[in-house]
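Now for the letters of each chain:
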Amino acid sequence: MIEEEPLLLLIGSGSPIWREYLLRSISKDCDIWLLSASDITWETPYIVGSTKLDALDPTAAIEAADSVHRRLGVSGVLSYDEIRVSIAAAVADALGLPGGGLEAVAACRDKAATRRAFSAAGVPQPFSYAVSSLEEAADRATSLGYPVVVKPRALAGSLGVTLVDNAEDLPTAYTATRGVEFTELPRLEDGVLVESFADGPEISIDAACHNGQVTPLFVARKKTGFAPHFEEVGHVVSARDPLLTDPEITRILQDAHSALGLSSLMTHTEIRLTSTGPKVIEVNARLGGDLIPYTAQLATGVDYGEIAARLALGLAPTTPELPRRTAQIDFLYPDTDIEVEELTVTADGLPSEVHEIIPLVTAGRKLRLPPRDHVRGRFAVVITVAETPEACEAAKVLAEKHVELTGTPLDLSPAA
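A few points on the structure. (Residues numbered from 1 in each chain as written. Predicted model: local features only at pLDDT ≥ 70, side-chain atom pairs only at ≥ 80, totals over all residues. Heavy atoms only, no water.)

1. Structural notes on the overall build of the protein
And then number 1: The helix and strand tally for the protein stands at eleven helices and 19 strands.
And then number 2: For 416 residues, the compact-globule estimate of 2.2 N^0.38 gives 22 Å, and the C-alpha radius of gyration of the protein, at 21 Å, lies within 12% of that figure.
And then number 3: Taken along its principal axes, the extent of the C-alpha atoms in the protein is 60 × 55 × 45 Å.
And then number 4: Burial statistics for the protein: of 416 residues in total, 54% are counted as buried.
And then number 5: A separation threshold of at least 6 residues defines the contact pool for the protein, and within that pool the share at least 24 residues apart is 68%. (Helix = DSSP H or I, 4+ residues; strand = E, 2+ residues; numbered from the N terminus. Rg over C-alpha atoms; globule rule 2.2 N^0.38 Å. Buried < 20%, exposed > 50% of the residue type's maximum accessible area, 1.4 Å probe, protein only. Contact = heavy atoms within 4.5 Å.)

Next up, the structure:
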């Protein structure tokens, strides 16, 4: 625990469903000053003050941060928002405070830059090419050999990531990936990557990087769906997952961070366990999204918001003994695109292993399944906690029967 209450500058707060647990954790040991593009609402109980500004303008953010620093003294800078981590790094560098390092964080955001850094350092990864046209994409796919993965160069949330089995499907996949946009994120030149397909299951590792030294904190085993896309439909975290201490995994994790030059921050690394060994898909300069750290906290008892704050303040992470426990998060989707009429959750009779069911929609919301809409096609979250992954899965199946969604199917014609 942090003994004093230093002032932590937070860049962006996110939405309460997905990020309030982190803001609550950080506020236990830190005073928080929030830089936000929006008016303060749900954040009020957790912060001591705020500045409203364009939080994606690095100059404006640095000027606002410097003003707060001169008046109150800022001890650390943090962002858990994917689109604002580069701004946080720029602010930390400008104030001379601990952080990931602006160039390193920018390289995490730009997946082509990530690939170049990994290649130079010999970090195992898929073969990858940045392309700017369908013709170039076709040439690269042919040289790699199908299947290939087509993905955006610098977006988030698996948006626009598609597995392409043959040359006939490439034009549709390339056009869709090229057209994907993420609010507030700029489109980069050569904005599409064509990569060799890394077979095998995918995991993510949230880790504490302190002065370049990496400590893996938990492993989440991904559940994906909506092939050929890579929608994340769930995650399973076992507190004592053997991959946490696997020598090859821990070595590769450290090598990936060293290759990027990351210094002090929480990271979320995605790795494929392929038939030829682990391959790093990407490193994100933030805590995991999708309530993964919250789910992990239920499994391990570790407060990852507190660790993120410690790193932002330049303090080493703490790593207690972990229990034998598993937690799982699952996202529920409708069978087809619909406009929601009612979502009902019945609590009576739920198994004790069901920790929480979180409704995500209200009447009138239009849900479109991937690839028409990623993430926002979900209508509820089920979180289970048990001794084993098998017990969590069994509880999740029972929990689904307590969630009823009704609505009107949407028109799926091309005009819609």
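2. Considerations on the sheet that holds strand β5 (residues 128-131)
And then number 1: The four strands lie next to each other as β5-β8-β6-β7, forming an open sheet whose pairing is antiparallel. Each edge of the open sheet is held by one strand with a lone partner, namely β5 and β7 (162-164). This sheet shows a mean twist of 25 degrees between the axes of neighbouring strands, independent of strand direction.
And then number 2: Inspection of the sheet shows strand β6 (residues 148-152) paired to strand β8 (residues 192-196) by five bridges, in the antiparallel sense. Bridge assignment links Val150 to a residue of β8, and that residue is Val194.
And then number 3: Here helix α6 (residues 134-144) sits on the sheet and contacts β5, β6 and β8; the angle it forms with β5, its principal contact strand, is near 170 degrees.
And then number 4: Against the sheet, helix α7 (residues 170-179) makes contact with β5, β6, β7 and β8, and its axis sits at roughly 20 degrees relative to β6, the strand it touches most. (Pairing = 2+ DSSP bridges. Axes fitted to C-alpha atoms, helices over the stretch in contact; angles between N-to-C directions.)

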